[in-house]
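Results of the structural survey
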Amino acid sequence: MEPRARVGKNRGQQNFADQDLQHFLFAHGDVPNSLETTKRVLDELLTDFITELCFEAHRSAQLSGRQKIKPDDIKFACRKNPEYLGKINETFNKKTAIEEARKLLDQNDDKITKSNVKALEEEPLGDADDDMDLDSRTVGGRSTGTGAGR
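Residues numbered from 1 in each chain as written. Predicted model: local features only at pLDDT ≥ 70, side-chain atom pairs only at ≥ 80, totals over all residues. Heavy atoms only, no water.

All right, on to the packing of aromatic side chains then. Evaluated as defined, the whole model comprises one aromatic pair. Here the aromatic rings of Phe-49 and Tyr-84 are separated by 5.3 Å at their centres, their planes lie at 65 degrees, and the arrangement is edge-to-face. Taken together, the residues Phe-49 in helix 3 (residues 36-63) and Tyr-84 in helix 5 (residues 82-104) connect sequence positions 35 residues apart. Using a relative accessible area of 36% as the deciding quantity, one classes Phe-49 as partly exposed. Judged by relative accessible area, Tyr-84 falls into the partly exposed class, the value being 38%. We note Arg-79 situated over the ring of Phe-76; from NZ or CZ to the ring centre the distance is 4.0 Å. (Phe/Tyr/Trp six-rings, centres within 6.5 Å; stacked < 30°, edge-to-face > 60°. Helix = DSSP H or I, 4+ residues; strand = E, 2+ residues; numbered from the N terminus. Buried < 20%, exposed > 50% of the residue type's maximum accessible area, 1.4 Å probe, protein only. Lys NZ or Arg CZ within 6 Å of the ring centre and 35° of its normal.)

Written as structure tokens, this is what we have:
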């Protein structure tokens, strides 16, 4: 049986949770309690979109001689829509940034690894960086008389 025919037999069943659809709709400007028909239509649209995207990515993988879909296959499937492709690239960039940040922390004891200490070192503070004048201390614009020179 062709894969697309198998998708048709699940028609009428909801694939996403009601709460997820409700949050998605509310985040995009709908009322706090959406109609059931609105949620069903959104569920069907999302299911069809994801299915078609996966079939297109699978076709790309088959042409490359692979059975598994790689992220590049999904990018290739979205090549004609710059908004989708841009969002995919943005998501991959965020993922790599998160992975690099995780590498800074040692997962065993939550300490910074020795190899990344130099990346975190700051410049030493100079005289211009002092926040407090040692001769007098002021509170609310008045001198407290507890400075070093008194």
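So that's the structure; there's more coming.
On to the side chain of Gln-22, then. Mapped onto the elements, Gln-22 comes out in helix 2 (residues 18-27). Setting aside chain neighbours within four positions, we find Gln-22 in contact with Val-31, Pro-32, Asn-33, Ser-34 and Lys-39. (Contact = heavy atoms within 4.5 Å.)

What follows deals with the pattern of salt bridges. Throughout the structure, instances matching the rule amount to six salt bridges. A salt bridge links Lys-39 to Glu-36; its shortest N-O distance comes to 3.2 Å. Taken together, the residues Lys-39 and Glu-36, both in helix 3 and three residues apart, mark about one turn of the helix. Taking relative accessible area as the criterion, Lys-39 reaches 8% and is therefore assigned buried. Between Arg-66 and Asp-73 there is a salt bridge, with its nearest N and O atoms 2.8 Å apart. Given a relative accessible area of 25%, Arg-66 falls into the partly exposed group. (Salt bridge = Lys/Arg side-chain N within 4 Å of Asp/Glu carboxyl O.)

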